[in-house]
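Chain residues, written in single-letter form:
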Amino acid sequence: MTPSVSRRDFARLFAIGGSAALFADPVWARQAPPAASFSPGGASSGEAFWKGVREQFVMPPELAVMNAANLCPSSRPVLETLTRESRSVDADPSPNNRARLMPEKEQTRKALAEFLRVTPDEVIITRNTSESNNLVSNGLDLKAGDEVVVHGDNHPSNLTAWKEKAKRYGFTVVTVEQKNPHPGMGYYVDAFAKAITPRTKVITFTHLSSTVGDLMPAKALCDLAQQRGVLSLLDGAQSFGLLDVNLGEIQPDFYSGSAHKWPCGARECGVLFVNKRAQDKLWPSIYSAYPGAVGFSKKFESFGQRDEATMIAFREALAFQTKIGRAAIEERARALTTQLMDGLAKLPGVKVWTSPDPALRAAVVSFLPGSLDANKLADALYQKDKVAITTRGGQDRAGLRVSPHFYNSPAEVDRLLAGLKRELSA
Ligand SMILES: Cc1ncc(COP(=O)(O)O)c(C=O)c1O
């Protein structure tokens, strides 16, 4: 049963009300979220719960943005924290006021460690996944004769980055090519096992690909790397904040992520996990002031002046997701994806690039919309249906990409499918 919760209870759960009134300049802060039926931790109570969650975002109710793989909105509590903390520094930029920010940053590190189920000693707060990936490819001692095995479906920050550094330092990049449709977890474990040689020093792959949403066998590949004595970098840009990621179990040497994607955090904040066992192999790329206070961050995180407000807001984003329930978020995004996949399968002429097997995908779906121009189609959906998705250009599995998250609804997915149907039959 879904208990009906008053607006006051709802506001208290997400710490809205009072503090919003104190920092009431931004328009969104003036608009208190409407009353909602809400049961804390009660995602199983259905659409009323998710409607309440959606009301914690400032996106207008009629706008359906399904582009989480690119950029997610920050929730009201995150916006509120960001504004409050920014204002505090600008109102009083004295060393005395800023002194409190160091412990705040450490609280964010602690929250990140809990979220990823590792220790604060292993967490570096970066700007984004690109920076995290590059801190790894810059920081390892690699030379001529060494090999790095990369998955061909990696993002440029984890593909071009290695290829360019190979030119500079003389090591070799070996590519495990992506296969479409997803050939199964076993295929990639075998392919990486074959690609690793006595010269291999690192393997790197993307947990959930941004191209077509292929889920990779993260634990099996990290286990393989450890067995073969090589380091593993797991790009988590598309899994962090979507999947209930447990790095304690997966045990990569390095894991990277961005706050502004699935965690719905503030922009320009990210994470790099550096496993204790790999810390003596990674050189800092930046030497400056203001290091972290614990573990590897003392040596590695002297990145100079940062925006502490963003880091504190990042922590709020993690708390927001934790309140909703990590497993519930993953389940919701996966259910919306299955609804989308089922609908796409019924649309004539659509070629879906994403695996039909739910075990091989999560919440990123790409497809070719028949012979329609993808840009024009995306524009028509935005203008006529108020549904925002993104396009994939180029020759490689081109078309459209949809990435729904927990703030979307089954009705929004239906609206997208109806819009697609209309445009395809026009
Ligand atoms: C798999 C993957 N890695 C890295 C990145 C880079 O993320 P950011 O732009 O947040 O640095 C992206 C961005 O889409 C991505 O999808």
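Here's a quick rundown of the structure. Fair warning: this is a prediction, and the values are worked out from it, not measured in the lab.

### A closer look at the site of the ligand
Piece 1. Around the ligand there are 14 residues in total, and S130, D235, Q238, S258 and K261 lie nearest to it.
Piece 2. At 2.6 Å from an oxygen atom of the ligand is found a side-chain nitrogen or oxygen belonging to S130.
Piece 3. Here an oxygen atom of the ligand sits 3.2 Å away from a polar atom, N or O, in the side chain of H260.
Piece 4. Here the residues of the shell around the ligand are counted per class, giving 2 nonpolar, 10 polar and 2 charged.

### Describing the environment of G292
Piece 1. You can see G292 is positioned in the loop between β8 (270–274) and α13 (297–300).
Piece 2. In sequence terms G292 and R109 are 183 residues apart; their C-alpha atoms lie 9.0 Å from each other.
Piece 3. Excluding anything up to four places from it in sequence, G292 contacts K105, E106, R109, S297, K298 and E301.

### Side note on the packing of aromatic side chains
Piece 1. A full pass over the atoms with the stated rule returns 13 aromatic pairs.
Piece 2. Ring pairs connect the aromatic residues F49, W50, F57, F320, F406 and Y407, which therefore count as one cluster.

### A few points about the sheet that holds strand β9 (residues 350–352)
Piece 1. Here we have 4 strands laid out as an open sheet, ordered β9-β10-β13-β12, and antiparallel in their pairing. Of all the strands in the sheet, just β9 and β12 (390–392) have a single pairing partner and so form its edges. Between one strand and the next, the sheet's axes are offset by a mean angle of 35°, whatever the strand orientation.
Piece 2. With 3 bridges joining them, β9 and strand β10 (residues 365–369) adopt antiparallel strand pairing.

### What about the packing of helix α7 (residues 101–116) against helix α14 (residues 308–324)?
Piece 1. Contact geometry for α7 and α14: axes closest at 9 Å, N-to-C directions at 35°. Between α7 and α14 lies a crossing of left-handed hand. In this structure, α7 contributes L101, E104, K105, Q107, T108, A111, L112 and F115 to the contact, and α14 contributes E308, M311, I312, F314, R315, L318, Q321 and T322.
Piece 2. Along the lines of polarity and charge, the residues of the contact of α7 with α14 split into 8 nonpolar, 4 polar and 4 charged.

### A few points about unusual backbone geometry
Piece 1. With omega at 0°, the peptide bond leading from N180 into P181 counts as cis.
Piece 2. Relative to the helices and strands, P181 resides in the loop between β4 (172–176) and α10 (185–195).
Piece 3. One non-glycine residue, R397, adopts positive backbone phi at about 45°.
Piece 4. Relative to the helices and strands, R397 resides in the loop between β12 and β13 (399–402).

### Re the side chain of S302
Piece 1. One can find S302 in the loop between α13 and α14.
Piece 2. Given a relative accessible area of 9%, S302 falls into the buried group.
Piece 3. Setting aside residues no more than four positions away along its own chain, S302 makes contact with I286, Y287, S288, A289, Y290 and P291.

### Looking at the sheet that holds strand β6 (residues 231–235)
Remark on secondary structure: sheet strands pair via backbone hydrogen bonds, oriented parallel or antiparallel.
Piece 1. Within the open sheet, the 7 strands sit side by side as β2-β8-β7-β6-β5-β3-β4. Their pairing is mixed. The open sheet has two edge strands with one neighbour each: β2 (123–126) and β4. If you compare each strand with its neighbour and ignore which way they point, the axes differ by 20° on average.
Piece 2. Sheet analysis places β6 next to strand β7 (residues 254–258), joined by 3 bridges and oriented parallel. Within the sheet, the bridge partner assigned to L234 lies in β7 and is Y255.
Piece 3. Together, β3 (147–151), β4, β5 (200–206) and β6 form the strand contacts of helix α9 (residues 160–169), whose direction differs from that of β4 by roughly 155°.

### Regarding the pairing of β3
Piece 1. Among the 5 residues in β3, 5 count as buried, and that is most of the element.
Piece 2. Of the two faces of β3, both are covered, the one formed by E147, V149 and H151 as well as the one formed by V148 and V150.
Piece 3. The sheet contact formed by β3 and β4 spans 5 bridges and is parallel. What sits directly across from E147, in β4, is T172.
Piece 4. Of the crossover connections in this fold, the one passing from β3 over α9 to the parallel β4 is right-handed.

### Digging into the pattern of salt bridges
Piece 1. Counted by the stated rule, this structure contains 25 salt bridges.
Piece 2. The residue R315 makes a salt bridge to E104 at a minimum N-O spacing of 2.7 Å. Pair noted here: R315 is in helix α14 and E104 is in helix α7, with a separation of 211 residues, a long-range link.
Piece 3. Among the residues examined, R315 registers a relative accessible area of 22% and is labelled partly exposed.
Piece 4. The shortest N-O distance in the salt bridge between K384 and E423 comes to 2.8 Å. Taken as a pair, K384 in helix α16 (residues 374–385) and E423 in helix α17 (residues 410–424) lie far apart in primary sequence, 39 residues in all.

### What about the nonpolar core?
Piece 1. F192, I203, F205, F240 and F406 are the most contacted members of the largest nonpolar core, which has 64 residues in total.
Piece 2. F240 has contacts with L112, F115, L116, Y255, G257, S258, W262, P263, V271, F314 and L318, leaving out every residue within four places of it along the chain.

### Let's talk about the environment of R326
Piece 1. Structurally, R326 can be placed in helix α15 (residues 326–345).
Piece 2. Judged by its relative accessible area of 12%, R326 falls in the buried class.
Piece 3. As a C-alpha pair, R326 and L242 span 84 residues in sequence and 7.9 Å in three-dimensional space.
Piece 4. Apart from residues no more than four positions distant in its own chain, R326 is found in contact with F115, R117, L243, D244, V245 and Q321.
Piece 5. In this structure the side chain of R326 is engaged in a polar contact, spanning 3.3 Å, whose partner is the side chain of D244.

What counts and how
Per chain, residue numbering runs from 1 following the sequence as it is written. Confidence filtering applies because this is a predicted model: local features only for residues at pLDDT of at least 70, side-chain atom pairs given and counted only at 80 or more, and all residues used for totals across whole chains, interfaces and linings. Neither water nor hydrogens contribute to the side-chain values; these are computed over all heavy atoms in the structure. For this purpose, a residue is taken to be near a molecule or strand whenever a single non-hydrogen atom of the residue falls within 4 Å of it. The definition of a polar contact used here is a pair of N or O atoms within 3.5 Å, where within protein one atom must be able to donate a hydrogen and the other to accept one, and adjacent residues in sequence count solely through side-chain atom pairs. Residues are sorted three ways: Asp, Glu, Lys and Arg are charged, Ala, Val, Leu, Ile, Met, Phe, Trp, Tyr, Cys and Pro are nonpolar, and all the rest, Gly among them, are polar. Runs of E in the DSSP output that reach at least two residues are strands. Runs of H or I that reach at least four are helices, and both are numbered from the N terminus. Contacts are assigned to residue pairs with any non-hydrogen atoms lying within 4.5 Å of each other. The aromatic pairing rule takes the rings of Phe, Tyr and Trp, using the six-membered ring of Trp, and pairs them if the centres are within 6.5 Å, calling planes under 30 degrees apart stacked, those over 60 edge-to-face and the rest tilted. By definition, two strands form a pair when at least two bridges between them are found by DSSP. Note on method: axes are straight lines fitted to C-alpha atoms, helices fitted across the in-contact stretch only, with angles between N-to-C directions ranging 0 to 180 degrees. Two helices that cross are described as forming a left-handed crossing if the nearer one is turned anticlockwise from the farther one by less than a right angle, and a right-handed crossing if clockwise. Whether a residue is buried, partly exposed or exposed follows from its accessible area with a 1.4 Å probe, protein chains only, as a fraction of its type maximum: under 20%, in between, or over 50%, in that order. When the strands point away from the viewer and the path from the first strand over the helix to the second turns clockwise, the crossover is right-handed. Salt bridge criterion: a side-chain nitrogen from Lys or Arg within 4 Å of a carboxyl oxygen from Asp or Glu. To qualify as a nonpolar core, a set must consist of buried Ala, Val, Leu, Ile, Met, Phe, Trp, Tyr and Cys residues joined through side-chain atoms within 4.5 Å.

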